[in-house]
Amino acid sequence: MNVRTLCLAILFAGEATGYEIKKLSTEGEYAYFVDASFGSIYPALDRLEREGFVTCRKEDEPGKPSRKVYAITDAGRAHFVDSLFDLPAPDVFRSEFLLVVMHADILPKPVMRRAIDNRIEQIEADIAKLRQIAQGNHSGGPQWAIDYGLDCMEHALAYLHAHRDQLENCSDLGTASDPSQPSTSRHAARIAAE
């Protein structure tokens, strides 16, 4: 899937401005599907409009610049449904936290603890966000997707809590005797400052 499909998915639910599409795709219900930026949304909307899949009208607001409101056409609805028949690409998972974890054996325990605590806070925030989305009137596929996301995040959180000691115990291994490792005194000052 791409940004075009994401735009059509959002417009399938109702009219929206480019800004609203961006907000929904980064902070709202559609934030979990495709990575979209303003730099990619507006070109996608322009192309969709040229192809007849969306329409655009300007709305004037007193004291503000006019805004463009996009709506999906019947052809756009059909195109969107057709795109759902394609098998989705594999999910892409990237994690800066896991890069830190991969190098736990060269990090002091306080750094590892801080990274774990931060990751736990991030997951708890994501769970809270999904629970807030779940308060809407969802059923069928949308509710299943929300439940699936919550289950994945809750399992990740439970794994972190259950195995954090194992990860923390990986820290400090080899740093004292390995001359290729960065100076621990320099990093100790950084840890203390944070």
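Residues numbered from 1 in each chain as written. Predicted model: local features only at pLDDT ≥ 70, side-chain atom pairs only at ≥ 80, totals over all residues. Heavy atoms only, no water.

**Regarding the packing of aromatic side chains**
Reasoning step 1: For the structure on display, the rule yields three aromatic pairs.
Reasoning step 2: Their ring planes at 45° and their centres at 5.3 Å tell us that F12 and F80 sit as a pair that is tilted. You can see F12 sitting in helix 1 (residues 3-13) and its partner F80 sitting in helix 4 (residues 74-83), a full 68 residues away along the chain.
Reasoning step 3: When its relative accessible area of 9% is taken as the criterion, F80 is described as buried.
Reasoning step 4: Note on Y30 and F33: the rings are 6.2 Å apart at their centroids and 65° apart in plane angle, and the pair reads as edge-to-face.
Reasoning step 5: Y30 sits in the buried class, given a relative accessible area of 18%.
Reasoning step 6: For F33, a relative accessible area of 51% translates into the label exposed. (Phe/Tyr/Trp six-rings, centres within 6.5 Å; stacked < 30°, edge-to-face > 60°. Helix = DSSP H or I, 4+ residues; strand = E, 2+ residues; numbered from the N terminus. Buried < 20%, exposed > 50% of the residue type's maximum accessible area, 1.4 Å probe, protein only.)

**Considering the pattern of salt bridges**
Reasoning step 1: Scanning the entire structure with this criterion turns up 13 salt bridges.
Reasoning step 2: For the salt bridge of R67 with E59, the shortest nitrogen-to-oxygen distance reads 3.2 Å.
Reasoning step 3: The exposure class assigned to R67 is partly exposed, which follows from its relative accessible area of 31%.
Reasoning step 4: One salt bridge in this structure joins R164 and E168, with 2.8 Å as the shortest N-O distance. Taken together, the residues span about one helical turn, with R164 and E168 both in helix 7 (residues 140-170) at a distance of four residues.
Reasoning step 5: With relative accessibility at 16%, the residue R164 sits in the buried group.
Reasoning step 6: Taking the relative accessible area as the measure of exposure, E168 reaches 8% and is therefore buried.
Reasoning step 7: If you follow the salt bridges from partner to partner, you end up with E15, E20, R57, E59, E61, K64 and R67 in one network. (Salt bridge = Lys/Arg side-chain N within 4 Å of Asp/Glu carboxyl O.)

**Brief notes about helix 6 (residues 109-134)**
Reasoning step 1: Compared with an ideal rise of 1.5 Å per residue, which puts 26 residues at 38 Å, helix 6 spans 37 Å between its outermost C-alpha atoms and is within 8% of the ideal.
Reasoning step 2: Three or more residues of helix 6 are buried, namely V111, M112, A115, I116, I120, I123, I127, L130 and I133. (Expected span 1.5 Å × (residues − 1).)

So yeah, pure geometry; function would need other evidence.
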